[in-house]
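So the chains spell out like this:
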Amino acid sequence: MAVNTMLFDLDGTLINTNPLIISSFEYTLNLYYPGVYSRDDIIGMIGTPLLENFENIDAERAPELVKTYQTHNMEHHDALIEEYEGVKEAIHSLHERGFKLGIVTTKRREAALRGAEKMDLLPYFSTMVAIEDVEHAKPHPQPVQLAMNILGAVPEETIMVGDSQYDILSGQNAGVTTAGVSWTIKGEEWLQTFEPDHMLQDMRELLRLYDGVHI
């Protein structure tokens, strides 16, 4: 069966929110625990649900930490997010060719919608599965399965694209094809260790892989 459904992580995959995420973590952690957490520590947290990260740091104060992070994040959102080269072109072309497209993210819907809208990506996606839509976040298969159910897709016709191990593992656990992106902040070589079916150097490669378009 041919792939007709493509699911994408948002942060670090469709939109470069890494500067925003790192800034928000640095602000929050330096406010509560000055000098304790490094940039490398923060990079290691990317991809994990926000509440889970802060529960691992301080379970009692986690809701307070989340609120501080989210306030800083939304205040600086538009100034710190960036486009990835070729992403919008690829998504537009895939949409024009009739692929069913969905976003599967561990972000809150409000923040995810704002980012996708700011980058002019929202019109191309038929659905978005956010953290509040599921009981179990990635790497559990539930987010991918929910997106497929909404889009009327089956695993054999679906690919999950992302920049973290959680995206790849969630896709694998749901039985779909997986693709990592080489621009992951954690490094292409590291992401390869989770054995995605493809490693994209450019999002437009999806057109070549699944629609025979030469790029």
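Residues numbered from 1 in each chain as written. Predicted model: local features only at pLDDT ≥ 70, side-chain atom pairs only at ≥ 80, totals over all residues. Heavy atoms only, no water.

1. Some details on the layout of surface pockets
As a reminder, the rule being used: For each structure, a 1 Å grid was placed over the protein atoms alone; sets of points admitting a 1.4 Å probe that cannot get out are labelled cavities, open sets with protein on both sides within 12 Å along at least five of seven lines are labelled pockets, and lining residues have an atom within 4 Å of a point. Grid points are joined across faces, edges and corners, and a volume is the space filled by probe spheres set on the points. Put simply, DSSP H or I for four residues or longer makes a helix, DSSP E for two residues or longer makes a strand, and each gets a number counted from the N terminus. Three categories are distinguished: nonpolar for Ala, Val, Leu, Ile, Met, Phe, Trp, Tyr, Cys and Pro, charged for Asp, Glu, Lys and Arg, and polar for the others, with Gly belonging to the last.
Size it by volume and the largest pocket reaches roughly 520 Å³. Considering the residues around the largest pocket, the lining is formed by 28 residues, among which Thr48, Pro49, Leu50, Thr106 and Lys107 are closest to the centre. Contributing elements (two or more residues each) for the lining of the largest pocket: α1 (18-32), α3 (50-57), α4 (62-80) and α8 (165-173). Here the lining of the largest pocket gets five residues from one element, more than from any other, and that element is α4. Here the residues of the lining of the largest pocket are counted per class, giving 13 nonpolar, eight polar and seven charged.

2. Digging into the nonpolar core
A general feature of soluble globular proteins is that nonpolar side chains tend to end up buried together. The criterion, for reference: We define a nonpolar core as any set of buried Ala, Val, Leu, Ile, Met, Phe, Trp, Tyr and Cys residues linked to one another through side-chain atoms lying within 4.5 Å. Partly exposed residues are those whose accessible area sits between 20% and 50% of the maximum for their type, while under 20% is buried and over 50% is exposed, using a 1.4 Å probe and protein chains only. The contact criterion used is simple: two residues touch if any of their non-hydrogen atoms lie within 4.5 Å.
By size, the foremost hydrophobic cluster in this structure holds 32 residues, and its most contacted members are Phe8, Leu14, Ile91 and Met203. At the level of secondary structure, the elements contributing two or more residues to this core comprise β1 (5-8), α5 (87-96), β4 (100-104), α6 (109-118), β6 (158-162), β7 (177-181) and α10 (205-211). With four residues, the single largest contributor to this core is α5. In this structure, Ile91 is in contact with Phe8, Leu14, Leu101, Leu121, Tyr124 and Phe125, ignoring residues within four places of it in sequence. Of all hydrophobic cores here, the second largest spans 16 residues; its members include Phe25, Ile43, Leu50 and Val66.

3. A closer look at the side chain of Lys186
Keep this limit in mind: As used throughout, the charge tally considers Lys and Arg to be positive and Asp and Glu to be negative, leaving His and the chain termini uncounted. Whenever Lys or Arg places a side-chain nitrogen within 4 Å of a carboxyl oxygen from Asp or Glu, that contact is recorded as a salt bridge. Counted as a polar contact is a pair of N or O atoms within 3.5 Å, where, for protein atoms, one must be capable of donating a hydrogen and the other of accepting one, and residues adjacent in sequence contribute only when both atoms are in side chains.
One can find Lys186 in the loop between β7 and α9 (188-192). Although Lys186 is buried, it makes no salt bridge; Asp163 carries the closest opposite charge, 7.3 Å away. A polar contact is formed between the side chain of Lys186 and the backbone oxygen of Ile46, at a distance of 2.9 Å.

4. A short note on the environment of Asn4
Within the fold, Asn4 resides in the segment before β1. A residue is classified by how much of its surface remains accessible, and Asn4, at 25% relative accessible area, is partly exposed. Considered as a pair, Asn4 and Val154 are 150 residues apart in the sequence and their alpha carbons are 9.5 Å apart. Leave out the neighbours within four places in its chain, and Asn4 touches Phe99, Lys100 and Glu157.

5. Section: the pairing of β6
Taken residue by residue, a regular strand's side chains alternate between the two faces of the sheet. What counts is decided by this rule: If DSSP finds at least two bridges between two strands, the strands pair.
With five of five residues buried, β6 is to be regarded as a mostly interior element. By the alternation rule, side chains of β6 split into Thr158, Met160 and Gly162 and Ile159 and Val161, which are all buried. Summarising the sheet, β1 and β6 pair through four bridges and their orientation is parallel. Bridge pairing in β6 places Thr5 opposite Thr158.

6. Concerning the pattern of salt bridges
Tallied over the entire structure, the rule returns eleven salt bridges. With a closest N to O distance of 3.2 Å, Glu110 and Arg108 form a salt bridge. The structure contains a network of salt bridges with shared partners spanning Asp9, Lys138 and Asp167.

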